[in-house]
Amino acid sequence: MIPSMVRKQIDNFSLEQICLSGQCFRMKQEDGEENRYSLIAGDRYLEIEQQGNVNTFYCDEETFEHFWKDYFDLERDYADCIGRINPRDTYLADAASFGAGIRILRQDLWEMIVTFLISQQNNIVRIRRCIQNICEAYGEERTDGRGRLYYGFPKPEALAGLDEDALKACNLGYRSKYVVRAARSVVSGEIDLEAVRRMSYKKAREELLKLFGVGEKVADCICLFALHHLQAFPMDTHMIQALNAHYKRGFPNRRYKDIKGIMQQYIFYFELFGKK
DNA sequence: GCGCAGGTAGAGT
DNA sequence: ACTCTACCTGCG
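- Chain A has the name DNA-(apurinic or apyrimidinic site) lyase in an unreviewed UniProt entry, where Frisingicoccus caecimuris is given as its organism.
- The UniProt entry for chain A carries the following comment under Sequence similarities (unreviewed entry): "Belongs to the type-1 OGG1 family."
- Turning to chain A, the UniProt annotation filed under Catalytic activity (unreviewed entry) states: "2'-deoxyribonucleotide-(2'-deoxyribose 5'-phosphate)-2'-deoxyribonucleotide-DNA = a 3'-end 2'-deoxyribonucleotide-(2,3-dehydro-2,3-deoxyribose 5'-phosphate)-DNA + a 5'-end 5'-phospho-2'-deoxyribonucleoside-DNA + H(+)".

Section: the side chain of serine 14
Step number 1: Mapped onto the fold, serine 14 is located in the loop between strand 1 (6-9) and helix 1 (15-20).
Step number 2: For serine 14, a relative accessible area of 17% corresponds to the buried category.
Step number 3: Beyond its immediate stretch of four places on either side in the chain, serine 14 contacts Gln50 and Gly101.

Quick word on the side chain of arginine 26
Step number 1: Relative to the helices and strands, arginine 26 is located in the loop between helix 1 and strand 2 (27-29).
Step number 2: Side-chain polar atoms of arginine 26 contact the backbone oxygen of tyrosine 151, separated by 2.6 Å.
Step number 3: Setting aside its immediate chain neighbours within four residues, arginine 26 contacts Ser38, Leu39, Ile40, Gly42, Glu111, Ile131, Cys135, Tyr151, Gly152 and Phe153.

Describing the protein's contact with DNA strand C
Step number 1: In the vicinity of DNA strand C, the contacting residues are Arg126, Arg129, Lys168, Asn171, Gly173, Tyr174, Arg175 and Lys177.
Step number 2: Backbone atoms, meaning sugar plus phosphate, form 59% of the atoms of DNA strand C positioned within 4 Å of the protein.
Step number 3: Between a phosphate oxygen of DNA strand C and a side-chain N or O atom of asparagine 171, the distance comes to 3.4 Å.
Step number 4: For DNA strand C, a sugar or linking oxygen lies 2.9 Å from a polar atom in the backbone of tyrosine 174.
Step number 5: Class assignment of the residues belonging to the surface near DNA strand C gives a composition of one nonpolar, two polar and five charged.

Some remarks on the layout of surface pockets
Step number 1: Quantified by volume, the largest pocket comes out at close to 500 Å³.
Step number 2: Lining of the largest pocket is provided by 25 residues; of these, Ser119, Asn122, Lys217, Asp236 and Phe268 occupy positions nearest its centre.
Step number 3: At the level of elements, helix 5 (109-119), helix 6 (124-138), helix 11 (216-225), helix 12 (237-246) and helix 13 (260-273) are the ones that each hand at least two residues to the lining of the largest pocket.
Step number 4: If you tally residues by element for the lining of the largest pocket, the top one is helix 11, at five residues.
Step number 5: Here the residues of the lining of the largest pocket sort into 10 nonpolar, 12 polar and three charged.

Cut-off values and rules
- Residues numbered from 1 in each chain as written.
- Chains lettered and ligands numbered in written order.
- Predicted model: local features only at pLDDT ≥ 70, side-chain atom pairs only at ≥ 80, totals over all residues.
- Heavy atoms only, no water.
- UniProt positions renumbered as here; feature names shortened; annotations may be inferred.
- Helix = DSSP H or I, 4+ residues; strand = E, 2+ residues; numbered from the N terminus.
- Buried < 20%, exposed > 50% of the residue type's maximum accessible area, 1.4 Å probe, protein only.
- Contact = heavy atoms within 4.5 Å.
- Polar contact = N/O pair within 3.5 Å; in protein donor to acceptor, adjacent residues only side chain to side chain.
- Near = heavy atom within 4 Å.
- Nonpolar A, V, L, I, M, F, W, Y, C, P; charged D, E, K, R; others polar.
- 1 Å grid on protein atoms, 1.4 Å probe; cavity = no way out; pocket = protein on both sides within 12 Å on 5 of 7 lines; lining within 4 Å.
- Points joined across faces, edges and corners; volume = space filled by probe spheres on them.

Structural data, given as structure tokens:
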């Protein structure tokens, strides 16, 4: 049987940039295969090949239309967002031009809660390893299209019963208890993820802040990368530095009110990878 | 050895 | 309302 695939031309879409922009820790470039990426989202596995603006998604049409199109936010016109940048703001214009291929994904809520709990005071290499570790230890085994084994993301139920320090074995360090307690909060119904999904940005943020270990930065990352609240503007150390250097009179929140999160990603990515 | 990496909770002013 | 510090771990 020939594996099914979907081929699409898409502008402003760079898998490399999405992969590096630090919002998705389960997408990686396949070694030895230059333009090929693999991605695990929840329990789904996808391979994509990217040559210029031609993208081949290795899945059937139905799955692409129903899931991945939405996941990668392919319906949104990012050129239009970039076009809204104040031309006199050369810093933001440069950042956006550098990161034009970034897209804000629509990732799984539970997965983002755990991922960004792990991200605090941590570096990207280790974050990826931590996630890989908990998936291998507590995620369900699955096989991809080529018969290779991979692990889904551990469900709250799989983590809720653990000792608070159990995930230190997965290199989470002091973040172990944050993750275990979050799992308990979900399983006990103390926080209702389905309800959070339906909430406004303000309400969802408030709700997420109730979780032990979730502060403002992590709550905003979850709002942006899982709930697609584009008003969210996560402030981490890099953003504080960038805003101090380039927006002494404050970031123009009003102008970008409904797409601040996209601008945040351009700045963040530019700060990390754009400087020579 | 020491400081830091995409923070946060808790205690102390 | 601020400011300070401990917190795991690995890497330079």
